[in-house]
Amino acid sequence: MNFDSQSPRARLGYLCLVLAMLLVLTKAVFFAVFLDGDLVSADNDSVMRLLSVRNWLAGQPWFDMVQYGLVPPDGVLMHWSRYIDAILGGMILLLSCFMSVAQAEFWTVTIWPVFLSVVLILVIATGTRRLFGPVAGGFAALMASIWPISQQFYFLPMRIDHHNIQIVLIVIMTLSVMMPRAPLRAGIVAGFCGAFALAIGLETLAYILVLGMILFVRANMRIARDADPLLLGFSLVLFVASVAFWLGQTPPERLTAQVCDQLGLPVVTLTGIAALASVVPMLLLRARTGARLALGLAIIALGCLLAWPLLGPCLAGPYGNLPPEVQEIISGSIIEARPALFYAEHDLLLYLQLVLPVVGGLIVGGAIWWRMPKDNPQDAARRDVIGMLIILGSVGFLASFSQIRLLLMSVPAAPVLVGVVMVVMVQRYLRSRGLGDATVMMVLFILLVQPMLVKGPITQFGLVEKAPPLGILDGACRKIEDLSKINAIPPVVFLSSLNLGPAILLGTHHATVSGPYHRSPDAFANGHLPFLMAEAEMQAYMRQTGATHLMLCRETNYGEGFARELANGASAEWLVPIPIDAGAILVFELAPEQ
């Protein structure tokens, strides 16, 4: 398998890279125009992120991550990182020197995700080209520019929550440690990226642990000559940088808090155990492979045993301590928190678009790995890289059965594996020029690089019924021109659906008791449960929330509860309609108890 070809066929790789960049930039321009400055129409987490940036720029202290407008007066302590707020806030301050603050906000939320998208494509293309040549790099970039997980879900304008930069960081981390030219420096870069990814959010923790375990085994079993400095740089910097990022965003009074949904003492302790298990055997038993591995594993086991009071409670996940009804709301109403099998059952076409590149890359990449020669060091090293990528790509696929969004952990591996598969198929076709090889190549291209092309034939022949929407975002009422009219009312506290809560906070001067954030079980329950209740139950529930007003969206289907009757024009003695021309938005004031 000749991955290093610099013949004219290499131009195919550069052509694919150019096409990938054009696709990314064209989509960005289209969506930026589509947004038309209406920031409240974006997803909830991006809306809340922008609100957090606004609060910080308005003077909210660095360590104060409370959203006081959500469930007032105490507010809700968010588990997000202030580091992203600092980046976005800095961009807004810089751009506001040349334009209005509103324009600066719009261009910041447009430029930041597109910038990250361009970085992602270039890193994948450059890293894959270094490992497997320009044609593989081009196909990898093209796949990454089309695949929903690596593009429209997280990298379109206004996607500013934190998943996109996490993806970029773990991609850099992964490609840094694959056949590094300077192992110690590569380990340092990978460790820093891993620590920053953890500081932003813990969604990639499992991936970082698996990558660290791969480096740990390779070093202790002496599989590669450069494995020791690579593991040394990665483990030490991961721990030291994690401590630095933890101290930099955590108030002193919360340093000892038991937190399982952000970088805190449990995760920092885990990185410390990993660093000790990596460095101590390297220093004491440099040349004894079996003994080194045994000592490292013993240190891990002992460290986890001693730290079990910290680590054990986190095995239940960030939602483990929530009431069962709130856990059901999260799994049933948060689209990206639903498991992969739910998508496979309710929207098979979307599920195929998401998983075909991963599963296909793993299967065909595995076949290529099995058949690759090991006669020379270069082939053996590349075979090792493909093997590691198969393991890492499997992490995201398996984790997606818990939550579909965890498929993002496959981004570092899937495009590279697809690039390898396609360059092998191109070479096979160029050798034979046979119809069979051409057909296989095109089928694999469609399934792995452009799986959305299968949607047309499948729907055309009625093989799969059109799926109903998987979630309701109250889109008809998430419009800034309508929400701004609610500001004619003096500041009040609204009870609303989950998806209207963040829009109320960003688009009005009002507060809300509803929002999809697990740090407040009450906010979750308030945005879901009362809208399914009969009138008497809804009244009693609303009175105990602290809300003074109710907001409904006339075009939202609230199920069979009394909220649906209200949206369709019903009235109630305990609710006073507020006459206001705000599109599909309906506002009611809670009447005093008689």
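Here's a quick rundown of the structure.

Calculation notes
Positions within a chain are numbered from 1, following the residues in the order the chain's sequence is written. Only residues with pLDDT of at least 70 get local features here, since the model is predicted, and only at 80 or more are side-chain atom pairs given and counted; chain-wide, interface and lining totals rely on the full set of residues. To get the side-chain values, all heavy atoms of the structure are used, and hydrogens and water are removed first. Runs of E in the DSSP output that reach at least two residues are strands. Runs of H or I that reach at least four are helices, and both are numbered from the N terminus. Working definition: with a 1.4 Å probe on protein chains only, accessible area under 20% of the residue-type maximum means buried, over 50% means exposed, and in between means partly exposed. By definition, residues are in contact when any of their heavy atoms lie within 4.5 Å. Only Phe, Tyr and Trp rings are paired, with Trp represented by its six-membered ring, and only when their centres lie within 6.5 Å; those with planes under 30 degrees apart are stacked, over 60 edge-to-face, the remainder tilted. Placement of a positive charge over a ring is assigned whenever Lys NZ or Arg CZ falls within 6 Å of the ring centre and within 35 degrees of the normal to the ring plane. Two cysteine sulfurs form a disulfide in these notes if their separation is within 2.5 Å.

Description of the environment of Ala 141
Then, in step 1: Looking at the element boundaries, Ala 141 is found in helix α5 (residues 134–146).
Then, in step 2: Take Ala 141: its relative accessible area is 0%, and that puts it in the buried class.
Then, in step 3: Sequence-wise, Ala 141 and Gly 89 are 52 residues apart; in three dimensions their C-alpha atoms are separated by 30 Å.
Then, in step 4: With residues up to four places along the chain from it excluded, the contact list for Ala 141 reads Leu 17, Ala 20, Ile 121, Ile 124 and Ala 125.

So, the packing of aromatic side chains
Aromatic ring pairs: the centre-centre distance and the angle between the two ring planes describe each pair.
Then, in step 1: Taken as a whole and judged by the stated rule, the model has 16 aromatic pairs.
Then, in step 2: Relative to Tyr 517, the ring of Trp 80 lies with its centre 5.9 Å away and its plane at 85°, an arrangement referred to as edge-to-face. Placement of the pair is Trp 80 in the loop between β2 (76–77) and α3 (82–95) and Tyr 517 in the loop between β4 (511–512) and α22 (521–526), with a sequence separation of 437 residues. With respect to class, Trp 80 is no different from Tyr 517; both count as buried.
Then, in step 3: By the ring-pair criterion, three or more aromatic residues cluster together here, those being Trp 56, Trp 62, Tyr 83, Phe 192, Phe 196 and Phe 245.
Then, in step 4: Against the face of Trp 369 rests Arg 383, its NZ or CZ located 4.0 Å from the ring centre.

Considerations on the state of the cysteines
Then, in step 1: This model, assessed by the stated rule, comprises two disulfides.
Then, in step 2: With its sulfur 2.0 Å from that of its partner, Cys 260 forms a disulfide with Cys 314. Its torsion about the S-S bond being -75°, the disulfide of Cys 260 and Cys 314 is classed as left-handed. Of the two residues, Cys 260 is situated in the loop between α9 (227–249) and α10 (265–284) and Cys 314 in the loop between α12 (308–311) and α13 (324–333); the sequence distance between them amounts to 54 residues.
Then, in step 3: Judged by relative accessible area, which is 22%, Cys 314 ranks as partly exposed.
Then, in step 4: Between the sulfur atoms of Cys 477 and its disulfide partner Cys 553 the distance amounts to 2.1 Å. Judged by the sign of its S-S torsion, about 95°, the cystine formed by Cys 477 and Cys 553 is right-handed. On the criterion of sequence distance, the pair formed by Cys 477 in the loop between α19 (455–460) and α20 (480–483) and Cys 553 in strand β5 (residues 549–553) is long-range, its members being 76 residues apart. Cys 553 shares its class with Cys 477; the two are buried.
Then, in step 5: Within the chain, bonded cysteines paired by disulfides and numbered along the sequence follow the pattern 1-2, 3-4.
Then, in step 6: Between Cys 304, a cysteine without a disulfide, and Cys 314, which holds the nearest cysteine sulfur, the sulfur-to-sulfur distance is 12 Å.

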